[in-house]
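Descriptive structure summary
Chain by chain, the residues run as shown.
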Amino acid sequence: MKKYLALIRSGMVEALVYRTSFVLKIVGNLIYIIIIYYLWKAIFQSSGTGTVAGMTFPQTMVYLVLASSLFAVMEVYLVWGTHNAMQSGQIVSQLIKPVGYRAYNYCPFFGAMIMDFIITFIPTFILVYFLSGGYFDLGINLLWFIISIIIAVNISLSIDYFVSCIVLYTQSVWGLNIVKETIVMLFGGAAIPLAFFPEPLKTIVSYMPFQAIYNAPMMQLLGEAAPQKRLGMLLVQLLWAVVVYAASELFWRRAVKVVTVNGG
Amino acid sequence: MDNTSIKRKRGLRFYLRIYFKIISQDIKSKMSYRADFITTFFGMIALNLSGFIAFWVIFKNFPQINGWDYREMLFLYAFSLIALVPAEFFFDNNWNLQQAIVTGDFIKYCFKPLNIFFYYMSEVFGIRGLGQLVFGVGTLIYAWVGLALPVSFLIIVKLLIALFSASLFMIALRNLSAATCFWIINGLHVMNITNKFRDYARYPITIFGGVFRVIFTFVIPIAFMAYYPSLELLDTKQPVFLTYLTPIYGIIFFWLSYKVWMKGAMNYSGTGS
Amino acid sequence: MPIVEFKNVSKHFKVLNRREGLVGGLKDLFSRDYKTVKAVDGVSFSVEAGEIVGYLGPNGAGKSTTIKMMTGVLLPTSGDISVSGRVPYKDRTKTAANIGVVFGQRSQLWWSLPLIESFKILRDIYDISQEDYAKQLALYESLVDLEPLYSKPVREMSLGQRTLCDILAAFLHNPAVVFLDEPTIGLDVAMKAKIRELIHTLNRVNNTTIILTTHDIGDVDALCRRIVIIDKGVMIYDDSAENLSKFFGQYRTLKIKTDDEITYESVTITRNEEWVEIVTKEDEMPVMEILQALQKSHKISDIRIEEITTEEIIKKIYAGDGR
């Protein structure tokens, strides 16, 4: 346990070293908020009605700002990292570490995410809360929200892990990474709330693991549902977390032979 | 052997000749890495397709935005995609700048009898631009036909000038954001941020109010990347003064980005070890 | 006329004194506190055509700053520089056309291109005539087995092959001066020897001037008649390699075999397994005197006396007790 904590800590410290990147992330977030505020304001104004696909303008705003902020927190460079480690041959020295490749990479990410969450997400959250005039509740839903995020982080990392396995075979990264990124962003609901998706796309997307990354936590925060329904959503998320984890782990065990057989 | 100097003057022709030699070799070698080529191909499709799906989803819910209907918006979208192509094709190496600076490899660009900016950019041909080009041209034709816009020699020339001017902004924004790598450790973040903004060039600038319209027109000039030049081409829209300013401002902005980039390069090689 | 000339050249950098923490970072935004670092301070030397000069100094001594000034990348704060009749910083590209540069650790060839394509591009960049190009390639082929490397992309080459190709690329346009920065770093013994021989030959064939920085004394011993040493921006030595030991005094190493703990005034003593090594300057503290003194108080079973090597002299210079 101690070594995992040490790795998490290393990620936190490292995240703090690059102070400029925090400032940039915050500035980037701010400009992004401004853009989508004006864009969606124009969109809603042009539609003439206050509610579209069951969502109001403030709801859409809160959703998009927080979802994109979450996206920034959860974004890790595992796929590129694996590729670079493979190219430079460092992957061999990472494989012989006593903690296992997954933990060795995950823990610093967790650390960095915690710092990111505190420094970029929470201020955005507070800002959005006040700007939207206290649009969402700050009650028990926060607890559901947090738990949902923790599960979402694991799903997101497992997907990255899965794609990293493909990289071991193809030894090329840009294309795969962009496929992953666009799918997660679009079908996860970080770009547009899934509520806007027309049928049957909406139904199809709801059966994919990606919606469990951004849409699920946002629904826990913004939606008003009975505890049973919330628990149901959480269980679906958990199920996906287990499935994606298992799939990526099994794939990794096969894929890593590429390294051990070919010598990196 | 003449040991003293370059005999001919290094004009545009010299640089073009070198450029095509390097680029054609780069494309050749890219083709030879099959897996890389295939995944890049899928990446291009995913990137463009997801953009279209997002666009389509929005217009499924909202018939028009700020007086721009589906087809007009599609025109803007296609225009912005094509305007991005030159930046992707010829200035893609900007993405590797942070890496080159961190590892110190950048210094090698300072020792050849070539312009540093030219030499650096010439090294990589961004094949990914192909996706934007194909999707962009296809969509533009679709929107053009849908809007029943006329076709004439003059209009084609106008379109090309408009695209060229808009592409200068795309290139300049990329150069400028990449140039931050010379001064700060995390320039790549700046690149990612401005890259994201660029996606919003496909919406009419009129959605922004007050000070932000000024910012997105003159500071982060996404308004010139599709909106202003398109006004001249769309029958239903009236061009404004800034539409005609696009080529000139584009050249100025590009030149500025080049100067900043070069200043950064000199600044870097002076302090780096 | 010397091919490279430095007249009282200095390069001072202003370095920002960064303050600690977030508040400090914010303060830096508004009021900046600079200090001046003298990377190169009043350096003068000149190199004649055809020389091979070893340009030595510890890390951070100002070597790369000097090379950057010679190549025109960097503007000197004061002093005059001329490289093959030109002022480098006034016309970087024209100067660059007449020099070649090799960095041991980083290739300057096109990473993904086959070697021959890189050569062809260089031919165009440096405007080499077809005849000269063919002549140079013929020379290369007579020196090394280049044929199998032509079609190989640089990124698939071993470090040794890459270094070799980088050196050949730097000489391709027959420059007047070539700068080699640690050309043999990371190579095995056989490859080092091969590279040194190649450099030596290329120097002789066209009388090319070579300025070489290295931390490997083997390079110096094999190639350089003349050594320039720089430390903390100041030139401390400029003479032949043979004179180095004379200049810095007649150092000798006295090795004695003993079980006792040895201490002796004002000499460096290190224990290397059973041998105790005492390095001393002959004209200040003769070896015999030390030996006699030690013999009285210790039981010594064996002795050896060795002349100091170039490497040890340079080690002493870097450590700061040379002067």
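Rules used in this analysis
Residues numbered from 1 in each chain as written. Chains lettered and ligands numbered in written order. Predicted model: local features only at pLDDT ≥ 70, side-chain atom pairs only at ≥ 80, totals over all residues. Heavy atoms only, no water. Contact = heavy atoms within 4.5 Å. Buried area = accessible area lost by both parts, 1.4 Å probe. Salt bridge = Lys/Arg side-chain N within 4 Å of Asp/Glu carboxyl O. Polar contact = N/O pair within 3.5 Å; in protein donor to acceptor, adjacent residues only side chain to side chain. Helix = DSSP H or I, 4+ residues; strand = E, 2+ residues; numbered from the N terminus. Nonpolar A, V, L, I, M, F, W, Y, C, P; charged D, E, K, R; others polar. Core = buried A, V, L, I, M, F, W, Y, C linked by side-chain atoms within 4.5 Å. Buried < 20%, exposed > 50% of the residue type's maximum accessible area, 1.4 Å probe, protein only. Domains from an automatic or database assignment. Axes fitted to C-alpha atoms, helices over the stretch in contact; angles between N-to-C directions. Parallel < 35°, antiparallel > 145°, perpendicular 65-115°, else oblique. Left-handed = near helix turned anticlockwise from the far one by under 90°. Pairing = 2+ DSSP bridges.

**Quick word on the interface of chain B and chain A**
Each partner contributes residues to the interface: chain B has 39 residues there, and chain A has 38 residues. Contact between chain B and chain A buries roughly 3,500 Å² in total, counting both sides, with carbon and sulfur atoms accounting for 80%. At the junction of chain B and chain A, the tally comes to zero salt bridges. Here chain B and chain A share five residue pairs in polar contact (both at pLDDT 80 or more) between them. Looking at the side of chain B that touches chain A, the elements with two or more residues in it are helix 2 (34-61), strand 1 (64-65), helix 8 (187-198) and helix 9 (210-219) of chain B. Element by element, the count of residues in the side of chain B that touches chain A is highest for helix 2 of chain B, at 17 residues. Here the residues of the side of chain B that touches chain A are counted per class, giving 24 nonpolar, eleven polar and four charged.

**A look at the nonpolar core**
Trp40 of chain A, Phe106 and Trp261 of chain B together with Phe119 and Tyr140 of chain C are the most contacted members of the largest nonpolar core, which totals 260 residues. When residues of this core are assigned to their parent elements, the largest contribution, 14 residues, is made by helix 3 (residues 70-90) of chain B. Looking at which domains feed residues into this core, each of domain 1 (4-241) and domain 2 (249-319) of chain C gives three or more. In terms of nonpolar packing, the next biggest core, distinct from the first, is built from eleven residues, Leu254, Val267, Met285 and Ile290 of chain C among them.

**A short note on the side chain of Thr95 of chain C**
Residue and element names in this part refer to chain C. Among the secondary structure elements, Thr95 is positioned in helix 3 (residues 92-96). The class of Thr95 is buried, set by a relative accessible area of 1%. When residues no more than four places from it in sequence are discounted, the contact partners of Thr95 are Met70, Val83, Arg86, Val87 and Pro88.

**Observations regarding the packing of helix 6 (residues 101-131) of chain A against helix 7 (residues 140-170) of chain A**
Packed helices, taken two at a time, are described by the angle their axes make and the gap between the axes. Residues and elements named next belong to chain A. Interhelical geometry of helix 6 versus helix 7 gives an angle of 140° and a closest axis separation of 12 Å. Taken together, helix 6 and helix 7 sit at an angle that is classed as oblique. Considering only the axes of helix 6 and helix 7, their crossing is right-handed. Two secondary-structure elements touch here, helix 6 through Tyr101, Arg102, Tyr106, Phe109, Phe110, Met113, Phe117, Phe121 and Phe125 and helix 7 through Leu142, Phe145, Ile146, Ile149, Val153, Asn154, Leu157, Ser158 and Tyr161. Classifying every residue of the contact of helix 6 with helix 7 gives 15 nonpolar, two polar and one charged.

**Focus on the pairing of strand 8 (residues 226-231) of chain C**
Residue and element names in this part refer to chain C. Of all six residues making up strand 8, six are buried, and the element is well covered by its neighbours. Where burial is concerned, the two faces of strand 8 agree: the one with Arg226, Val228 and Ile230 and the one with Ile227, Ile229 and Asp231 are both buried. Direction of pairing for strand 3 (residues 52-56) relative to strand 8: parallel, over a ladder of four bridges. Bridged to Gly54 within strand 8 is Ile227. Connecting the antiparallel pair strand 8 and strand 9 (residues 234-240) is a turn made up of two residues, with Lys232 showing a positive phi of about 50°.

**Some points on the pattern of salt bridges**
A full pass over the atoms with the stated rule returns 22 salt bridges over all chains. Residue Arg174 of chain B is joined to Glu88 of chain B by a salt bridge in which the shortest nitrogen-to-oxygen separation is 2.9 Å. Within this pair, whereas Arg174 of chain B is found in helix 7 (residues 153-179), its partner Glu88 of chain B is found in helix 3, the two being separated by 86 residues in sequence. We note that Arg174 of chain B, like Glu88 of chain B, is buried. In this structure, Arg123 of chain C engages Asp124 of chain C in a salt bridge whose closest nitrogen and oxygen atoms are separated by 3.8 Å. Asp124 of chain C sits in the buried class, given a relative accessible area of 8%.

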